Amino acid sequence: MINASERIRWYPGFREIALLCLVILYAPLIIVMIYSFNDSPSITVWKGFSFVWYEEVFTGPEAERFKQATVNSLIIAVSAAITSTAIATASALAMIRGRRFRGQAMTFGLINLPLMVPEIVTAVATLIFFASIGFDRGILSILLAHIVFCIPFAYLPIAARLQGIANVYEQVARDLYATPGQTFRLILFPMMLPGILSGFLLAFIISLDDFIITNFVKGAGVETLPTAIFGAVKQGIKPNIMAISTLMLVASFLLVTIAYFISRMGDQRK
Amino acid sequence: MNTNKSFPSPAIDIVSVTKIYPHRTHPVTALNDISFAIKDNEFFTLLGPSGCGKTTLLRMIGGFEGITKGQIQLYGEDISTLQPNQRPINTVFQQYALFPHFTVFENVAFGLKRLGRDQAFIKTQTESMLELIRMAEFADRKPNQLSGGQQQRVALARALAPQPKVLLLDEPLSALDLKLRQAMREELKDIQKKTGITFIFVTHDQEEALTMSDRIAVMSNGEVQQIGTATDIYDHPVNHFVANFIGEANILKAKVSKSDKNSITAILAANGGKVTITSDVSMKKGQNISVMIRPERIQIGKISRAKSALNGVIQGISYLGTDTQLQVILDDGESIIARQQNSIDAGTPLNKGDKVSVTIPQHALRVLAD
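Since the structure is predicted, the reported quantities are computational estimates derived from the model, not experimental observations.

**Student:** Is there a simple way to explain the overall build of chain A in this structure?
**Tutor:** Secondary structure summary: chain A contains 12 helices and 0 strands in total. When its helices and strands are written in sequence order, chain A yields α-α-α-α-α-α-α-α-α-α-α-α. By principal-axis analysis of the C-alpha atoms, chain A measures approximately 70 × 65 × 30 Å. Residue burial in chain A is summarised as follows: out of 270 residues, 41% are buried. At a minimum sequence separation of 6, the contacts of chain A that also span at least 24 residues come to 72%. Surface exposure of chain A reaches about 15400 Å², of which carbon and sulfur atoms provide 71%.

**Student:** I'm lost on the pairing of strand β18 (residues 335–341) of chain B in this one. Help?
**Tutor:** Residues in a regular strand project their side chains so that they alternate between the two faces of the sheet. All names here are of chain B. Pairing between strand β17 (residues 323–330) and β18: 7 bridges, direction antiparallel. Within β18, the position partnered with Ile 329 by the bridge is Ser 335. Where β17 folds back on β18, the antiparallel hairpin that results is connected by 4 residues, among which Gly 333 adopts a positive phi of roughly 95°.

**Student:** What is the right way to read helix α3 (residues 52–59) of chain A from this model?
**Tutor:** Each turn of an α-helix holds 3.6 residues, which means side chains three or four residues apart point in the same direction. Residue and element names in this part refer to chain A. Where α3 is concerned, the buried positions are Trp 53, Tyr 54, Glu 56 and Val 57. All buried residues of α3 project into a common sector of 155° when viewed along the axis, lining one side. Facing away from the buried side of α3, by more than 90 degrees, are the exposed residues Glu 55, Phe 58 and Thr 59.

**Student:** Whenever I open this one, the sheet that holds β17(B) confuses me. Can you help?
**Tutor:** Strands in a sheet are paired, the pairing made by backbone hydrogen bonds, and the direction either parallel or antiparallel. All names here are of chain B. Taken together, 5 strands build an open sheet; the order of strands is β15-β19-β16-β17-β18 and the sheet is antiparallel. Of all the strands in the sheet, just β15 (299–302) and β18 have a single pairing partner and so form its edges. Sheet twist, expressed as the average angle between the axes of neighbouring strands with direction ignored, equals 45°. As paired elements, strand β16 (residues 310–319) and strand β19 (residues 355–359) share 4 bridges and run antiparallel to each other. Bridge assignment links Val 313 to a residue of β19, and that residue is Lys 355.

**Student:** Hey, could you run me through the pattern of salt bridges in this one?
**Tutor:** Between side chains of opposite charge, a pair can form when the charged atoms approach closely. All names here are of chain B. Tallied over the entire structure, the rule returns 19 salt bridges over all chains. A salt bridge links Asp 205 to Arg 185, with the nearest nitrogen and oxygen atoms 3.9 Å apart. Here Asp 205, found in the loop between β8 (198–203) and α6 (206–212), pairs with Arg 185, found in helix α5 (residues 178–195); they are 20 residues apart in sequence, far enough to count as distant. Connected via shared salt-bridge partners are Lys 19, Arg 59 and Glu 65.

**Student:** How do you make sense of the interface of chain A and chain B when you look at a structure like this?
**Tutor:** It is common to report an interface's size as the accessible area lost on association of the parts. Opposite the 18 residues of chain A that make contact, chain B presents 27 residues. In total, chain A and chain B occlude about 2100 Å² of area from one another, counting both sides; carbon and sulfur atoms represent 63% of this. Looking at the side of chain A facing chain B, the largest losses of area belong to A:Asp175, A:Leu176 and A:Tyr177, adding up to 36% of the total buried there. Inspection of the region where chain A meets chain B yields 8 residue pairs in polar contact (both at pLDDT 80 or more). The set of elements that each furnish at least two residues to the side of chain A that touches chain B consists of α8 (168–175), α9 (180–208) and α12 (239–269) of chain A. Residue composition of the side of chain A that touches chain B, by class: 11 nonpolar, 4 polar and 3 charged.

**Student:** Which parts of the structure should I look at to understand the environment of A:Ala154?
**Tutor:** Residue and element names in this part refer to chain A. Assignment of secondary structure puts Ala 154 in helix α7 (residues 139–163). Of the residues examined, Ala 154 reaches a relative accessible area of 0% and is grouped as buried. Ala 154 sits 42 residues away from Ile 196 along the chain, and the two C-alpha atoms are 7.6 Å apart. Every residue in contact with Ala 154, bar those within four places of it in the chain, is listed here: Ser 84, Thr 85, Ala 88, Gly 199 and Ala 203.

**Student:** Explain the packing of aromatic side chains here, please?
**Tutor:** The way to describe two aromatic rings as a pair is by their centre distance and the angle between their planes. With the rule as written, the count across this model stands at 20 aromatic pairs over all chains. Measuring from ring centre to ring centre gives 5.5 Å for B:Phe241 and B:Phe245, while their planes differ by 10°; the resulting arrangement is stacked. On the criterion of helical spacing, the pair formed by B:Phe241 and B:Phe245 is a turn pair, its members being 4 residues apart in helix α8 (residues 240–245). According to the relative accessible area criterion, B:Phe241 is partly exposed, its value standing at 26%. Ring-pair connections join several aromatic residues into one group, and the members of that group are A:Phe37, A:Phe49, A:Phe51 and A:Tyr54. One cation-aromatic arrangement involves B:Arg158 over B:Phe99; the distance from NZ or CZ to the ring centre is 4.7 Å. When the ring centre of B:Tyr234 is taken as reference, the NZ or CZ atom of B:Arg294 above it lies at 4.1 Å.

**Student:** How do you make sense of the side chain of A:Ser73 when you look at a structure like this?
**Tutor:** Residue and element names in this part refer to chain A. Within the fold, Ser 73 resides in helix α4 (residues 63–97). Classification of Ser 73 by relative accessible area gives buried; the value is 4%. Beyond its immediate sequence surroundings of up to four residues, Ser 73 is in contact with Leu 208, Thr 224, Leu 225 and Pro 226.

**Student:** How do you make sense of the domain arrangement of chain B when you look at a structure like this?
**Tutor:** All names here are of chain B. Entries for chain B in the domain assignment read domain 1 (12–240) and domain 2 (248–368). Distance from the C-alpha centre of domain 1 to the C-alpha centre of domain 2: 39 Å. Contacts between the two partners involve 8 residues from domain 1 and, on the opposite side, 9 residues from domain 2. For the pairing of domain 1 and domain 2, the buried interface totals around 720 Å² over both sides, and the portion due to carbon and sulfur atoms is 47%. The three residues of domain 1 that bury the most area against domain 2 are Tyr 234, Asp 235 and His 240, which together make up 66% of that side's buried surface. In this structure, the salt-bridge partner of Asp 235 is Arg 297, at a minimum N-O distance of 3.2 Å. If you look at where domain 1 meets domain 2, you find 6 residue pairs in polar contact (both at pLDDT 80 or more).

Calculation rules
- Residues numbered from 1 in each chain as written.
- Chains lettered and ligands numbered in written order.
- Predicted model: local features only at pLDDT ≥ 70, side-chain atom pairs only at ≥ 80, totals over all residues.
- Heavy atoms only, no water.
- Helix = DSSP H or I, 4+ residues; strand = E, 2+ residues; numbered from the N terminus.
- Buried < 20%, exposed > 50% of the residue type's maximum accessible area, 1.4 Å probe, protein only.
- Contact = heavy atoms within 4.5 Å.
- Areas by Shrake-Rupley, 256 points an atom, 1.4 Å probe, with all protein chains shown as cover.
- Pairing = 2+ DSSP bridges.
- Arc of directions from axis to C-beta.
- Axes fitted to C-alpha atoms, helices over the stretch in contact; angles between N-to-C directions.
- Salt bridge = Lys/Arg side-chain N within 4 Å of Asp/Glu carboxyl O.
- Buried area = accessible area lost by both parts, 1.4 Å probe.
- Polar contact = N/O pair within 3.5 Å; in protein donor to acceptor, adjacent residues only side chain to side chain.
- Nonpolar A, V, L, I, M, F, W, Y, C, P; charged D, E, K, R; others polar.
- Phe/Tyr/Trp six-rings, centres within 6.5 Å; stacked < 30°, edge-to-face > 60°.
- Lys NZ or Arg CZ within 6 Å of the ring centre and 35° of its normal.
- Domains from an automatic or database assignment.

Now the structure itself:
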């Protein structure tokens, strides 16, 4: 017998289409990575291997600006990820383990709607909101906006995980003399943890590389890494941007890998 | 059995318990005014088809379902309003639900820790439980490193470790394969005897119920149909439901011709034969009744002239290993099932279409209520 994954290779042109997709997806990234090591200010002509642009990133004239932007980005991403993960965990518990309530389906829609609203619309709306209540734009306004739009991203893996945990585990714990609080702390939370961690990492990545909303709600002079990079690119693309991009790519890749192993660990536990 | 440990009140007393699941248009009555008592140190089984209310009742005793009306008492004390963690009753759930992030030892020790027992006691008690289920060498394993049967035993040890007054078992064997299930029956019965804890076992498997239980409550449609020992229920079913649910039953129509104190004489509709059946229920003369006989009590032979015998034709033969099952259509059109043991000296084999005589021993007949 031939299983489904074997059979799909037999479709004519399947291999070619798959290769084309991979090339379109990854060729630009690979070119950026290669040219970040180019020993030349040109972004198209290869002159030899060097770390000069990485030095430029850390010591060059723009180093201070990028450093500040990176610190801002990390502070915002970590705080936004922690807060939105906590909110997402609470709402997943209420939606999946709580009593049924009126408007439950609508609440589910409201939690996930931001995923479908065009980001530019959210950006404009958030800006108008901050302006109308007279909220000072700065790092705090960015943080608040990030917390809000990270919630659905954190919610999805957490809810998926919670849905996969049969509620008999909580019943067993209650049966064995655990209070509701102990049941959550000792049983449900540890079992949800892989979902919570991947929710956290997803929220972190989404916050770290957000540009549109950040650009709208940031105050003058406050930069995150994506807005700083955009600002630098406006004055012409230099290979140091490629170096920063490569660094970000490596960081993201590491995080995604960690998330993958965490979720696999969770699956094995089941 | 254990008379010196007897309690004045039963282990569990179910007092006029009703459970209604509310619904705007179709409220469902899961249990309809049920009352019975489960004795101390008893292996008690709730048996019935799915949807009969047996699991609902078990969950109510465990504290996982509210009671609409009535009361559940544990050794004379009303426990109806207590939370599951406040009841000295533990449950073995159908899904083993071992905590995946704990080792076998930590799983078994969980209840004792929550009860705040001291470390030394927790250790010895947990170890003796693992000893009891022959899993001592698996103490440090995680649940996903165990087979289904091993997980089942750990779930049992986990529920037994806090020394509950009553242990509830919700179809705990249904996920195991046949051989393992049969072995676990013995083991459960053995553990119940060793620990002296009252077991309340829920199953839809009549064989399980018959082989393990001290007493069985047969349930259907939210009501208890009959409570008794395995022999009571198989041999003296009170009504059609019990007769048909436990084993197989042939139901014959008859008319009462005489009703005495301890017996009824009735005329079988099939051949007009007169039978006398022991029964303490008095009937009116002329009343139509149903009489029941188990397939293995019926004797099938080549055609005979004996008056008491019914005549029929073999319609079907199924070979079942130890037995052969015969389906016979009687002369009046009624169909009955008979079982014959496949012994070496069974004589000439019967074939489909053979005319046979069906002998029904009077002492094996039972009168059924509707």
